[in-house]
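Breakdown of the fold
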Amino acid sequence: MEVSKQIEKAQIGDQVAFTSLLDYFWNEVYGFMLQRTQNETDAEDITIETFAKAFDKIATYNTDFQFNTWLIAIAKNVHIDLLRKKKSTMFIDITDADDKQAYNVADTSLSAEDELIREQNLAQLLRYIKELKPAYQEIIQLRYFQELSYQEIANQLDEPLSNVKVKLLRAKKLLANIISSKG
């Protein structure tokens, strides 16, 4: 595969070129992120997000640089963003009053109202998912409701792992578009 030709095709929207670039560079980006994160799930999620961002911004790719270097730079930024999100949720300033109040632990079970709101939100999400094509509905169901790994999904659907990754990426984008257009 000549990478530069695939990039040119991808820049004009060729989905086969996207898939072939993903197949060609997946292991390199995933391996790099696995070394950095020491966590397979995080590495996989970061790699998928990396390719999503790269394909969204492929028109801005500068051919003066190697494509894999550009992908790794995106992956590093995605990883940094993930770390920032985790860090911001980990550290909360606690005052003395808050510290004393922590001893009065509240009941964390959902109230009847909270349970109703949660069920309504889930029902709304399911309605949005039903607007997707059946293949996308199925892959979202397998990943997020049955919580199967990418490999388990590939085995169940009898499809290559790269197809599952691309299909899930597209399904998430389409679902996000539906939600944002309705919300």
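Above: the structure in question.
Here's what I pulled together on the structure shown here. All values derive from a computational prediction rather than experimental measurement. (Residues numbered from 1 in each chain as written. Predicted model: local features only at pLDDT ≥ 70, side-chain atom pairs only at ≥ 80, totals over all residues. Heavy atoms only, no water.)

**Quick word on the environment of L148**
Which entries qualify depends on this criterion: Elements are defined by DSSP. Helices are runs of H or I of four residues or more, strands are runs of E of two residues or more, and each kind is numbered from the N terminus. Only protein chains enter the accessibility calculation, which uses a 1.4 Å probe; a residue is then buried when its area is under 20% of its type maximum, exposed when over 50%, and partly exposed in between. For this analysis, residues touch if any pair of their heavy atoms sits within 4.5 Å.
With respect to the helices and strands, L148 occurs in the loop between α7 (134–145) and α8 (150–157). Its relative accessible area of 16% is what places L148 among the buried residues. The residues contacting L148, other than those within four sequence positions of it, are L142, R143, I153 and Q156.

**Some words on the packing of α7 against α8**
Applied cut-off: Axis angles are defined between N-to-C directions and span 0 to 180 degrees, where every axis is a line fitted to C-alpha atoms and, for a helix, only to the segment in contact. Should an angle fall under 35 degrees it is called roughly parallel, over 145 degrees roughly antiparallel, and 65 to 115 degrees roughly perpendicular, with every other angle called oblique. The handedness criterion is simple: a crossing whose near helix is rotated anticlockwise from the far helix by less than a right angle is left-handed, and one whose near helix is rotated clockwise is right-handed. Three residue categories are used. Nonpolar comprises Ala, Val, Leu, Ile, Met, Phe, Trp, Tyr, Cys and Pro, charged comprises Asp, Glu, Lys and Arg, and polar comprises the others, including Gly.
Between α7 and α8, the shortest axis-to-axis distance is 10 Å and the interhelical angle comes to 135°. In terms of their interaxial angle, α7 and α8 are classed as oblique. Note that α7 runs across α8; the crossing there is right-handed. From α7, E138, I139, L142 and R143 reach across to α8, where they touch Y150, I153, Q156 and L157. Residues of the contact of α7 with α8, tallied by class, amount to five nonpolar, one polar and two charged.

**So, the pattern of salt bridges**
Rules: Salt-bridge detection follows one rule: a side-chain nitrogen of Lys or Arg within 4 Å of a carboxyl oxygen of Asp or Glu.
Tallying each qualifying case throughout the model produces five salt bridges. The salt bridge involving R143 is made with D45; its shortest N-O contact spans 3.9 Å. With R143 in helix α7 and D45 in helix α3 (residues 40–56), the pair connects residues that are 98 residues apart, well separated along the chain. Of the residues examined, D45 reaches a relative accessible area of 34% and is grouped as partly exposed. In this structure, D81 engages R84 in a salt bridge whose closest nitrogen and oxygen atoms are separated by 3.8 Å. Of this pair, D81 and R84 both sit in helix α4 (residues 67–90), three residues apart, which is roughly one turn of that helix. By relative accessible area, which is 33% here, D81 ends up partly exposed.

**Structural notes on α8**
Inclusion rule: Working note: the arc is built from the helix axis to C-beta atom directions.
Among the residues making up α8, those that are buried are Y150, I153, A154 and L157. The buried residues of α8 all sit within an arc of 100° when viewed along its axis, so they share a single face. Contacts made by the buried residues of α8 are with α3, α7 and α9 (161–182).

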